[in-house]
Amino acid sequence: MKVLVIGGGAREHALCRSLSLDPDVTALHCAPGNAGIAEVAELHPVDQLDGAAVAALATELGAELVVVGPEAPLVAGVADAVRAAGIPVFGPSREAARLEGSKAFAKDVMAGAGVPTARSYVCTTPAEIDEALDAFGAPYVVKDDGLAAGKGVVVTEDVEAARAHALACDRVVIEEYLDGPEVSLFAITDGTTVLPLKPAQDFKRALDGDEGPNTGGMGAYSPLPWADPKLVEEVLETVLQPTVDELRRRGTPFSGLLYAGLAITSRGVRVIEFNARFGDPETQVVLARLKTPLAGVLLNSANGTLDDQAPLSWSDEAAVTVVVASHNYPDTPRTGDPIEGLAEVAEQDAPHAYVLHAGTKRDGDAVVSAGGRVLSVTATGTDLAQARERAYAAVGRIRLDGSQHRTDIARKAAEA
């Protein structure tokens, strides 16, 4: 099978790594990719938001499966253009991707499906904003209705900070605060059958102890030793399947990766948000544990034949990912700094630890930073403690001037 992956972050590197290990994949391409992905796939320049350009590239390459990684191309309708060209594509249509593209649309779908979520108001005027903030009180949860690369959400005790964020958005969702630990649960679906993956937990705040601003994610781990063993079954029954059924009922079937961000509250499981694609950095740890070859599962989703899929096989090992971010992330990150130590990790830490590239590019013989989140250092181990130890040992070999990373990824879970 010839596969084309669209995107250029650590999520796409994780996908390409898994696909490169699949014996059924005879040729692997990525557009636009990054310096790390270039080691496992052939790279091609493309405007990933241009559906016609992506479809033309897939046709030219003779791709038999296109995997769209990031949310922006999905919301822009890139999957529709590839489907129209007659090529199987893993990723939802523009209409179905509104589940991530609009928080208000997602709330409407959840209401129709009877999915448990936070009470909320959709606001477009200062008066509506003030009324909603007053109704819920602190802590305030304010979400930009549209895409914001994981940084459109503010959770704060400061009403003025909440109001300022709300006023900066054209349309905003203000909702009640959900207590309890958060869980990310992915499911692969063809619009009818829903196949849940293993749960993970990510760390959104920039600094240790969940301090600092929200980011796209600073690390993740799987499995969750503290979670109820029946959690996945419960979420499939109360969240994932009803949402997929509701979207099909509306005439906009969802095919691809449905991501449920969940809060395990004192009153039960509640949906914080839906995403329409693999999450970053949770993908890095979930795929590190998946033993079933990936390409066939994604193709079954694309072809509507997921009911033929054999049960997924998983490693009992734990996985931890630590994100190495550039100076000043998540504000305006500094780029162009050389990255050293990658060869040392490959020589000394493989196969238990490896580096997935996010914001990187080649500059002559050097690999340099090219974004906010630069690398996802991923490791596996017999338990979370060993996976953590291996991940941080590998992080310690990497040299990137001014870089930052959290030191407490998976610490509490490993010590529990």
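The text that follows walks through the structure, step by step, so that each part is easy to find. Since this is a predicted model, take the numbers as computed values, not measurements. (Residues numbered from 1 in each chain as written. Predicted model: local features only at pLDDT ≥ 70, side-chain atom pairs only at ≥ 80, totals over all residues. Heavy atoms only, no water.)

1. Focus on helix α7 (residues 126-136)
Then, number 1: Regarding α7, the residues found buried are I129, A132, L133 and F136. The buried residues of α7 all sit within an arc of 100 degrees when viewed along its axis, so they share a single face. For α7, the exposed residues set more than 90 degrees away from the buried face come down to A127, E131 and D134. (Buried < 20%, exposed > 50% of the residue type's maximum accessible area, 1.4 Å probe, protein only. Helix = DSSP H or I, 4+ residues; strand = E, 2+ residues; numbered from the N terminus. Arc of directions from axis to C-beta.)

2. Thoughts on the sheet that holds strand β8 (residues 153-156)
Then, number 1: Across the sheet, 4 strands lie side by side as β6-β9-β7-β8; this open sheet has antiparallel pairing. For this open sheet the edge positions go to β6 (120-123) and β8, each flanked by a neighbour on one side alone. With strand direction ignored, the average angle separating the axes of adjacent strands in the sheet is 20 degrees.
Then, number 2: Examined bridge by bridge, β6 and strand β9 (residues 172-175) share 4 bridges and lie antiparallel to one another. Note on β9: the bridge partner recorded for S120 is E175.
Then, number 3: Here α7 sits on the sheet and contacts β6, β7 (140-144) and β9; the angle it forms with β6, its principal contact strand, is near 165 degrees.
Then, number 4: Here helix α8 (residues 159-167) sits on the sheet in contact with β7, β8 and β9, set at roughly 15 degrees to β7. (Pairing = 2+ DSSP bridges. Axes fitted to C-alpha atoms, helices over the stretch in contact; angles between N-to-C directions. Contact = heavy atoms within 4.5 Å.)

3. Notes on the pattern of salt bridges
Then, number 1: Applying the stated criterion across every chain yields a total of 24 salt bridges.
Then, number 2: Salt-bridge contacts for R334 lead to D401; the nearest nitrogen and oxygen are separated by 2.9 Å. Of the two residues, R334 is situated in the loop between β18 (318-325) and β19 (339-340) and D401 in the loop between β24 (399-400) and α14 (411-415); the sequence distance between them amounts to 67 residues.
Then, number 3: Note on D401: relative accessible area 54%, which makes it exposed.
Then, number 4: Between R397 and D349 there is a salt bridge; the shortest N-O distance is 2.6 Å. Separated by 48 residues along the polypeptide, R397 in the loop between α13 (384-395) and β24 and D349 in the loop between α12 (342-348) and β20 (353-357) bring together distant segments of the chain.
Then, number 5: Among the charged side chains, a salt-bridge network with shared partners connects R11, E12, E71, E100 and R277. (Salt bridge = Lys/Arg side-chain N within 4 Å of Asp/Glu carboxyl O.)

4. Brief notes about helix α9 (residues 231-249)
Then, number 1: Compared with an ideal rise of 1.5 Å per residue, which puts 19 residues at 27 Å, α9 spans 26 Å between its outermost C-alpha atoms and is within 8% of the ideal.
Then, number 2: Remark: the principal bend of α9, roughly 40 degrees, maps to E237.
Then, number 3: Within α9 the residues assigned to the buried category are L231, V235, V239, L240, P242, T243, V244, E246 and L247.
Then, number 4: Elements that come into contact with the buried residues of α9 comprise α5 (98-101), α6 (103-113), β10 (182-189), β11 (194-196), β16 (256-265) and β17 (268-275).
Then, number 5: Of the residues trailing α9, G251 is marked for its positive phi of about 85 degrees. (Expected span 1.5 Å × (residues − 1). Bend = angle between axes of the 7 residues up to and from the residue.)

5. Brief notes about the nonpolar core
Then, number 1: Membership of the largest hydrophobic core comes to 74 residues, with the highest contact counts inside it found for L4, V66, L99 and V320.
Then, number 2: Among residues more than four places away in sequence, those in contact with L4 are H29, C30, A31, V54, L57, A58, L61, A63, L65, V66 and V67.
Then, number 3: The next biggest cluster of nonpolar side chains, apart from the first, holds 41 residues, and it includes A10, I188, L298 and L306. (Core = buried A, V, L, I, M, F, W, Y, C linked by side-chain atoms within 4.5 Å.)

6. Comments concerning a negative patch on the surface
Then, number 1: Together, D228, E233, E234 and E237 make up a region of like negative charge exposed at the surface.
Then, number 2: Within the secondary structure, E234 is located in helix α9.
Then, number 3: Taking relative accessible area as the criterion, E234 reaches 36% and is therefore assigned partly exposed. (Patch = residues over 30% accessible without salt bridge, like charges linked within 9 Å, V, L, I, M, F, W, Y side chains within 5 Å. Areas by Shrake-Rupley, 256 points an atom, 1.4 Å probe, with all protein chains shown as cover. Lys, Arg positive; Asp, Glu negative; His and termini not counted. Charge placed at Lys NZ, Arg CZ, Asp CG, Glu CD.)

7. Observations concerning unusual backbone geometry
Then, number 1: Between A31 and P32 the backbone carries a cis peptide bond, its omega angle lying at 0 degrees.
Then, number 2: Inspection of the secondary structure puts P32 in strand β2 (residues 27-32).
Then, number 3: Its identity is not glycine, yet D210 carries a phi of approximately 55 degrees, on the positive side.
Then, number 4: Position of D210 among the secondary structure elements: in the loop between β13 (205-207) and β14 (211-214).

8. Digging into the packing of helix α1 (residues 10-20) against helix α10 (residues 282-289)
Helices that pack against each other are described as a pair by the angle of their axes relative to one another and the distance between those axes.
Then, number 1: Relative to each other, α1 and α10 sit at 15 degrees, their axes nearing to 8 Å. Between α1 and α10, the interaxial angle falls into the category roughly parallel. Where α1 crosses over α10, the handedness of that crossing is left-handed. Contacts between α1 and α10 involve A10, R11, A14, L15 and S18 on the former and, on the latter, T283, Q284 and L287.
Then, number 2: Among the residues making up the contact of α1 with α10, the classes are represented as 4 nonpolar, 3 polar and 1 charged. (Parallel < 35°, antiparallel > 145°, perpendicular 65-115°, else oblique. Left-handed = near helix turned anticlockwise from the far one by under 90°. Nonpolar A, V, L, I, M, F, W, Y, C, P; charged D, E, K, R; others polar.)

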